[in-house]
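What the coordinates show
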Amino acid sequence: VDSSRSQEDSLGYVHIQDVPALNQEHCKMLDPQRVERIINEFVCGGPERMQLVSDFDYTITKQRTDDGLPVLSSFGIFNECKSLPPVFKTETDKLFHKYRPIEIDPHMPKAEKIQYMIEWWTKSGELTSGFPFDQSEIDQMASKFKHALRDRTHELFETLLRLQIPVLVFSAGLGNSVVSVLRQANIMYPNVKVISNFLQYRDGLLAGFQEPMIHTFNKNETVLSGSEYYDLVHTRDHIIVMGDSLGDADMAAGVPASSHIMKIGFLFDHVEANMDKYMNTFDIVLVDDQTMDVPRALLALIEQRHQLRHPHLANGSS
Ligand code: MG7
Ligand code: MG
């Protein structure tokens, strides 16, 4: 055993009690021992085996802002654009009122919901057709929300870039808005990939969304199989998943079964009523936490150990 190896072993095991972010009152875990085990697997595996998969709406953006102003979703940003035909707004509102209750119905089986969601995204795409539209309108609206990202989102994305950890921002919303917000917030780094629904044009007019359709229930790595992104990340079997909706917990479905996945759920609405489901779905539940402090704490542990193994990288000179 060479000396560097035995030094590494003596670094020892990470205990949850020693990670302040995980000991906050609003940071809940059903099975802290499992969380501790996964953290230690992440730390031992190092950044090379990590990937982050995150939802966008109300996960990268805040659920609640300091000034109390509501944050628009990615579809919401598009819907506020001034040049859209009046009929577009009234018809998409009708769709929302029909399909949104189905999407969140606690009783309807998932298989049945999927048919309705395909209908919703299809009809929405049909309405998003046949008129001219310029991306600059989205950019203008999106610029209002670049300050509505969770506190310390920039620090999180800088760390991910420094450690060269791939980030997948996975959104069933509108990709044009997602990319615009991330770009204007200066965090659309080369290691960040957005998979979402992007506007499509034909003969200079809008023609719905590009394929494949990403809806609430196919928002996982199975829709990526065979894609360039899948090839990039399929060997990265240590995964942090972040979301604010229960369905977000499955975003890493489609990766090998042997993978270690840490699911972080941001819970804000109807905390009492949702608590049990969130606790049973996510490894870590953060109640009204409008920061990136918990994912940052996990990455800090991984980075510290990485630097001890590779001292020449310690001042960021990778
Ligand atoms: N969602 C899904 N679709 C639409 C739409 O056409 N307009 C609006 N305003 N919202 C829509 O971010 C993804 C979420 O956006 C909603 C087709 C759904 O609730 C979906 O979960
Ligand atoms: Mg969301």
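That block above? That's the structure.
Reference entry: report on the structure contained in this document. (Residues numbered from 1 in each chain as written. Chains lettered and ligands numbered in written order. Predicted model: local features only at pLDDT ≥ 70, side-chain atom pairs only at ≥ 80, totals over all residues. Heavy atoms only, no water.)

**Here's the deal with the site of ligand 1**
- The environment of ligand 1 is formed by Asp57, Phe75, Asn79, Phe96, Arg100, Glu103, Trp120, Trp121, Ser124, Ala172, Gly173 and Thr216.
- A distance of 3.2 Å separates a nitrogen atom of ligand 1 from a polar side-chain atom of Asn79.
- Glu103 places a side-chain nitrogen or oxygen 2.5 Å from an oxygen atom of ligand 1.
- With the chains in place, 86% of the 460 Å² that ligand 1 exposes on its own is no longer accessible.
- For the shell around ligand 1, the secondary-structure elements that each account for two or more residues are helix 3 (74-79), helix 4 (86-103), helix 5 (110-127) and strand 3 (167-174).
- Its residues assigned to classes, the shell around ligand 1 shows five nonpolar, four polar and three charged. (Near = heavy atom within 4 Å. Polar contact = N/O pair within 3.5 Å; in protein donor to acceptor, adjacent residues only side chain to side chain. Areas by Shrake-Rupley, 256 points an atom, 1.4 Å probe, with all protein chains shown as cover. Helix = DSSP H or I, 4+ residues; strand = E, 2+ residues; numbered from the N terminus. Nonpolar A, V, L, I, M, F, W, Y, C, P; charged D, E, K, R; others polar.)

**Description of the pairing of strand 2 (residues 50-54)**
- A large share of strand 2 lies buried, amounting to five of its five residues.
- Both faces of strand 2 are covered, namely the face carrying Met50, Leu52 and Ser54 and the face carrying Gln51 and Val53.
- Of the strand pairs in this sheet, strand 2 and strand 7 (residues 238-243) are connected by five bridges, and their pairing is parallel. Among the inter-strand pairings, Leu52 is bridged to a residue of strand 7, identified as Ile240.
- The pairing of strand 2 with strand 3 spans three bridges and is parallel. (Buried < 20%, exposed > 50% of the residue type's maximum accessible area, 1.4 Å probe, protein only. Pairing = 2+ DSSP bridges.)

**With respect to the environment of Val14**
- When you line up the elements, Val14 lands in the loop between helix 1 (3-10) and strand 1 (27-28).
- Accessibility expressed as a relative area gives 13% for Val14, which makes it buried.
- With 109 residues separating them in the primary sequence, Val14 and Lys123 have C-alpha atoms 50 Å apart.
- With residues near it in sequence (within four places) discarded, Val14 still touches Val19, Glu36, Ile39, Asn40, Val43 and Leu301. (Contact = heavy atoms within 4.5 Å.)

**Observations concerning the coordination of the magnesium ion (ligand 2)**
- Summarising the metal site, the magnesium ion (ligand 2) is bound by the protein donors Asp55 (OD), Asp57 (O) and Asp244 (OD), whose distances to it range over 2.1 to 2.2 Å.
- Here the donor residues for the magnesium ion (ligand 2) map to a single chain with the spacing D-x1-D-x186-D. One exposure class covers both Asp55 and Asp57, and it is buried. (Donors = N, O, S within 2.8 Å, 3.2 Å for Na, K, Ca; no water.)

**Looking at the sheet that holds strand 3**
- In spatial order, the strands read 1-9-8-7-2-3-4; together these seven strands make up an open sheet with mixed pairing. Of all the strands in the sheet, the pair left with one neighbour each is strand 1 and strand 4 (192-197).
- Relative to strand 9 (residues 284-287), strand 1 is paired through two bridges, and the arrangement is antiparallel. Following the sheet pairing, Lys28 is matched in strand 9 by Val285.
- Packed onto the sheet, helix 11 (residues 293-309) meets strand 2, strand 7, strand 8 (260-267) and strand 9 and runs at close to 150° relative to strand 8. (Axes fitted to C-alpha atoms, helices over the stretch in contact; angles between N-to-C directions.)

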